[in-house]
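Next come the chains, spelled out residue by residue.
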Amino acid sequence: MASIVLFGPPGAGKGTQAVAIMRKTGLPQVSTGDMLRAALAAGSALGLEAKSYMEAGALVPDSVIIGLIDERMQQEDAKNGVLFDGFPRTIAQAEALENIEEIKVVVSIEVPDERIVERICGRYSCSDCGAVYHEKFNPTSVPDVCDSCAGRQMNRRADDNEDTVRSRLQAYHNQTAPLAEWYSNKGILLRVNGDQQIEDVASEIISGIGG
Ligand code: AMP
């Protein structure tokens, strides 16, 4: 089975929507951001290499990311396809991916820039299961208790501050946004309005991918 790519600016809701798509398709999520944060937390050589780029809101070099994906795709659970979240982010990464995995559809979650900062600056996630919440738009039902796993440790990302968000948005527009046209030319881009309720975005995606 082929894989799916979740594409969009930071704060578009890729991580949130990944949960709905995983539930529907059974595909495992492959998030390069999560993999890099795990490497950073573990203090590995990869984490150390990625640290300064992530803190500055810049993209980690393509060679590092492609190596990471190459290795991940050799694992057993990836053999029937995966859900890529936050990868590819450059044309070079997309070209490398063509030699690694077949892509069935690229879901582009579209959200205007002016909505991104407020979305990112209020978000937090469960340290145990990774479920993503937002102070205003999607809080936990009970304060600081995860709805998914009842975990009690909530976490805010170090790069979810206004300055870094603006750099991340700039990196998105300069290096990542051109991929939309690249995939559109291949006839596999599915554009979805990400500026609506979480459930409405999810149903637009599910019906678009043929779920
Ligand atoms: P994310 O969790 O997807 O927002 O990623 C957090 C940070 O990790 C980004 O701002 C980049 O510094 C780095 N990163 C994640 N995925 C990639 C990628 N595919 N290419 C380059 N850098 C990435």
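Residues numbered from 1 in each chain as written. Predicted model: local features only at pLDDT ≥ 70, side-chain atom pairs only at ≥ 80, totals over all residues. Heavy atoms only, no water.

### Some words on the domain arrangement of the chain
Short version of the rule: For the domain bounds, the source is a domain assignment made automatically or taken from a database. Note on definitions: buried area is the accessible-area loss of two parts on being combined, 1.4 Å probe, summed for both. Each reported salt bridge corresponds to a side-chain nitrogen of Lys or Arg within 4 Å of a carboxyl oxygen of Asp or Glu. As used in this structure description, the phrase polar contact means that two N or O atoms lie within 3.5 Å; if the pair is within protein, one of them must be able to donate a hydrogen and the other to accept it, and residues adjacent in sequence are counted only when both atoms belong to side chains. Helix numbering and strand numbering both begin at the N terminus, where a helix is a DSSP run of H or I of at least 4 residues and a strand a DSSP run of E of at least 2. All residues other than Ala, Val, Leu, Ile, Met, Phe, Trp, Tyr, Cys, Pro, Asp, Glu, Lys and Arg, Gly among them, are scored as polar; the first ten of these are nonpolar and the last four charged.
You can read the domains of the chain as domain 1 (3-122 + 169-208) and domain 2 (123-159). Look at where the C-alpha atoms of domain 1 and domain 2 centre, and you get two points 20 Å apart. Between domain 1 and domain 2 lies a buried interface of about 830 Å² when both sides are counted; carbon and sulfur atoms form 47% of it. Of all residues in domain 1, Arg37, Ile120 and Gly122 bury the most surface against domain 2, accounting for 45% of the area lost on that side. Our count for the contact surface shared by domain 1 and domain 2 stands at one salt bridge. Applying the counting rule to domain 1 against domain 2 returns four residue pairs in polar contact (both at pLDDT 80 or more). For the side of domain 1 that touches domain 2, the leading source of residues is helix H6 (residues 113-121), giving five residues. Considered class by class, the residues forming the side of domain 1 that touches domain 2 number four nonpolar, three polar and four charged.

### Structural notes on the site of the ligand
The condition is simple: When we say a residue is near a molecule or strand, we mean one of its heavy atoms is within 4 Å of it.
Close to the ligand lie 16 residues; Thr32, Arg37, Ala58, Arg89 and Gln93 are nearest. In the environment of the ligand, an oxygen atom lies 3.0 Å from a nitrogen or oxygen atom belonging to the side chain of Arg89. In terms of residue count, the dominant contributor to the shell around the ligand is helix H2 (residues 32-42) (four residues). Of the residues assigned to the shell around the ligand, the class counts are seven nonpolar, four polar and five charged.

### Some words on the state of the cysteines
What counts is decided by this rule: Disulfides are defined as cysteine sulfur pairs within 2.5 Å. Each residue gets one of three labels from its accessible area relative to the maximum for its type: buried under 20%, exposed over 50%, partly exposed in between, using a 1.4 Å probe on protein chains only.
The final tally for this structure, using the stated rule, is zero disulfides. With no disulfide of its own, Cys126 lies 3.6 Å from the sulfur of Cys149, the closest cysteine sulfur. Free of any disulfide, Cys129 has its nearest neighbouring cysteine sulfur in Cys146, separated by 3.7 Å. Given a relative accessible area of 40%, Cys129 falls into the partly exposed group.

### Looking at the nonpolar core
Note the threshold: By nonpolar core is meant a set of buried Ala, Val, Leu, Ile, Met, Phe, Trp, Tyr and Cys residues that side-chain atoms within 4.5 Å join together. Note on definitions: a residue-residue contact is assigned when non-hydrogen atoms from the two residues lie within 4.5 Å.
Core analysis: the biggest nonpolar cluster contains 26 residues, and Phe84 and Tyr183 have the highest contact counts within it. When contributions to this core are tallied by element, the ones reaching two or more residues are strand S1 (3-7), helix H3 (45-56), helix H4 (62-72), helix H5 (91-98), strand S4 (103-110) and helix H8 (178-185). Every residue in contact with Tyr183, bar those within four places of it in the chain, is listed here: Pro88, Ala94, Leu97, Val106, Ile188 and Leu189.

### Overview of the sheet that holds S4
Counted only if it meets this: The rule for pairing is simple: two strands pair if DSSP sees at least two bridges between them. Interaxial angle, 0 to 180 degrees, is taken between N-to-C directions of lines fitted to C-alpha atoms, where a helix line uses only the stretch in contact.
Taken in spatial order, the five strands of this open sheet run S2-S3-S1-S4-S8, and their pairing is parallel. At either end of the open sheet lies a strand with only one pairing partner, and these are strand S2 (29-31) and strand S8 (189-193). Taken over all neighbouring pairs, the strand axes of this sheet differ in orientation by 20° on average, direction set aside. As paired strands, S4 and S8 are joined by five bridges and run parallel to one another. Looking at S8, one finds that Ser108 is bridged to Arg191. Against the sheet, helix H9 (residues 198-208) touches S4 and S8, its axis set at about 160° to S8.

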